[in-house]
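# Tertiary structure, described
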Amino acid sequence: MRRTAPEGHGPVRYGPPLPDQGLPVLAELRSVLAAAADRSDAEIFGVGPALLDAARGYWTRRGLPAAADRVVAAPGAPALLLALTGGLGGDVLVPRPCAAWWAPQARLLGRSVFHVATPAECGGVPDPYALLETVRRVRAEGGDPRLLLLSVADDPTATAAPPEVVHETVEAAAAEGLHIVSDETWRDTLHRPHDTVLLSPAEMLPDDVTVITDLAGPFLPQGWPAAVARFPGNEAGALLRSRVLDVLTVLGARVAEPVAAAAAYALGEPAGITGRLTAAVRLHARVAEAAHRAVTGSGAVARPPQIGRHLYVDLGPLRTALVAHGVGDAQDLEDFLSARLGMPAPGGHRFGDDLAALRVRLGTGPLLGSTDEEREESLASPAPLELPHVHSALTRLGSVFDDLRDDAQRWESPR
């Protein structure tokens, strides 16, 4: 890829993190972390009892009960995925686009990664027919596909996969003998939870699916890395869990004791945690909807965001204007928009998309304010879009895209 090593755009070291909450750390979580700060004992690799018991309760409340010996914790989902990929072996299939950190984990282990097209209605889950075709082609070429990574609540596209799509894809994967890892980091950030049905693949095929959740999605700050995994309750699941624990031990990948305490508290979902999550999701949903109106009003294309703190924008219709600004690919677009917007705008190539496609992921966190006071005000306000700092940020976003629309109209060839 052009300009990656010298200028610091490397796809691994400088890959975009999960979209930030953009909010101050909840006081309850700070208190729990501080109370555990003087503990000298280290968490047992992958199996701290309090954290795992809280994870079991979290999944049980979502219809995915798990025995104590079927759950593992790690300092972030990337560590879990690295261990899972190492434990399963073989080649990896992922949707296009996908979370920025998925493919580097497999490539670090020397595994081949194959991107599969997604259906028109959502991202995160491969089209079942494209998946079957890819598996058969890879095997015909001597490959060994064993692992399918998917996400029913997707980063980067901010979409929730319809249950019928999930059902068809999971059945196709199981028929081909693939083990499925379902990244459900964003499942608790649905913008309209009463209108959107979210189906975990583990509800369909509990013997063939491992679920991972990074707690930086719903509960914790990004600087407090913690994630949990739920394994199938059969012999194969027990063996995979054992292998994952071996890898985590070799890596020294244990959750810091204070972070583990905060993670266990959050997974217990007391009223303060659930109230904050509900308020934060409502805020990000409102801002995401306004950002979506702003970018699509300029002629750019984006699916309406359904989950998370981000949206995925295709600026292909504005290519003429962008080329006039020296933007020819997703890396150029990332540099251009990041500078113009004053906020990160990682290009679609970070997520496995075509470098030539002019796509970016935009986060809503940077639109909530520049100080803790402004962000708290955004969270508490019944009309956050009317606050001066939020209104100003959205106006700037719209202005940048409107300028591109106007430039494109000026550069259009006369008919």
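Placed above this text is the structure.
A short tour of the structure in this document, coming up.

So, how was this worked out
- Residues numbered from 1 in each chain as written.
- Predicted model: local features only at pLDDT ≥ 70, side-chain atom pairs only at ≥ 80, totals over all residues.
- Heavy atoms only, no water.
- Helix = DSSP H or I, 4+ residues; strand = E, 2+ residues; numbered from the N terminus.
- Rg over C-alpha atoms; globule rule 2.2 N^0.38 Å.
- Contact = heavy atoms within 4.5 Å.
- Areas by Shrake-Rupley, 256 points an atom, 1.4 Å probe, with all protein chains shown as cover.
- Lys, Arg positive; Asp, Glu negative; His and termini not counted.
- Charge placed at Lys NZ, Arg CZ, Asp CG, Glu CD.
- Buried < 20%, exposed > 50% of the residue type's maximum accessible area, 1.4 Å probe, protein only.
- Polar contact = N/O pair within 3.5 Å; in protein donor to acceptor, adjacent residues only side chain to side chain.
- Pairing = 2+ DSSP bridges.
- Axes fitted to C-alpha atoms, helices over the stretch in contact; angles between N-to-C directions.

Helix and strand content of the protein: 14 helices and ten strands. Relative to a compact globule of 415 residues, whose C-alpha radius of gyration would be 22 Å, the protein shows 21 Å and is just as compact. Seen through its C-alpha atoms, the protein measures out along the principal axes to roughly 70 × 55 × 45 Å. Restricting to contacts in the protein with at least 6 residues of sequence separation, those with at least 24 account for 74%. A total of about 16900 Å² of accessible surface is found on the protein, and carbon and sulfur atoms cover 53% of it. Put simply, the protein has 38 plus and 51 minus side-chain charges, and the middle of one group is 2 Å from the middle of the other.

This paragraph deals with helix α9 (residues 257–267). Because an α-helix completes one turn every 3.6 residues, residues spaced three or four positions apart along the sequence face the same direction. Counting buried positions over the eleven residues of α9 gives ten, a clear majority of the element. Listing the buried residues of α9 in full gives Glu257, Pro258, Val259, Ala260, Ala261, Ala262, Ala263, Ala264, Ala266 and Leu267. The elements touched by buried residues of α9 are α1 (27–35), α2 (49–60), β7 (227–230) and α10 (271–297). Glu269 occupies a position one or two residues after α9 and carries a positive phi of about 55°.

So, about the side chain of Glu334. In this structure, Glu334 sits in helix α12 (residues 330–341). Looking at Glu334, the relative accessible area reads 10%, which means it is buried.

Further remarks concern unusual backbone geometry. Cis rather than trans, the peptide bond between Arg96 and Pro97 has omega equal to -5°. Tracing the backbone through its elements, the reader meets Pro97 in the loop between β2 (91–96) and α4 (102–108). Note that the residue after Asp155, namely Pro156, is joined by a cis bond; omega there is 25°. For Pro156, the position within the fold is in the loop between β4 (145–150) and α6 (163–175). With a phi close to 60°, Ala158 is a non-glycine residue in the positive phi region. For Ala158, the location among the structural elements is in the loop between β4 and α6.

The residue Ser378 is located in helix α13 (residues 372–380) in this model. Measuring from C-alpha to C-alpha, the distance between Ser378 and Leu283 comes to 7.5 Å, with 95 residues separating the pair along the chain. Contact partners of Ser378, with chain neighbours within four places excluded, come to Leu283, Leu368, Pro384, Leu387, His389 and Val390. At 2.7 Å, the side chain of Ser378 and the backbone oxygen of Leu368 are in polar contact.

On to the sheet that holds strand β8 (residues 301–302). With antiparallel pairing, three strands are arranged side by side in an open sheet as β8-β9-β10. Of all the strands in the sheet, just β8 and β10 (359–363) have a single pairing partner and so form its edges. Relative to β10, strand β9 (residues 310–314) runs antiparallel, the two sharing five bridges. Pairing of Tyr312 across the sheet is with Arg361, part of β10. Across the sheet, α10 lies against β8, β9 and β10, angled at about 5° from β9, the strand it touches most.

Our next topic: the sheet that holds strand β3 (residues 113–117). Spatially, β1-β7-β6-β5-β4-β2-β3 is the arrangement adopted by the seven strands of the open sheet, whose pairing is mixed. Looking along the sheet, the strands with just one partner apiece sit at the ends: β1 (71–74) and β3. The average undirected angle you get between the axes of adjacent strands in this sheet is 25°. As judged from the four bridges shared by strand β6 (residues 209–214) and β7, these two strands associate in the antiparallel manner. Counted as the bridge partner of Val211 is Arg230 from β7. The strands that helix α3 (residues 77–88) touches are β1, β2, β4, β5 (179–183), β6 and β7; relative to β6, the one it contacts most, it runs at about 160°.

Function cannot be read off these values alone, since they describe shape.
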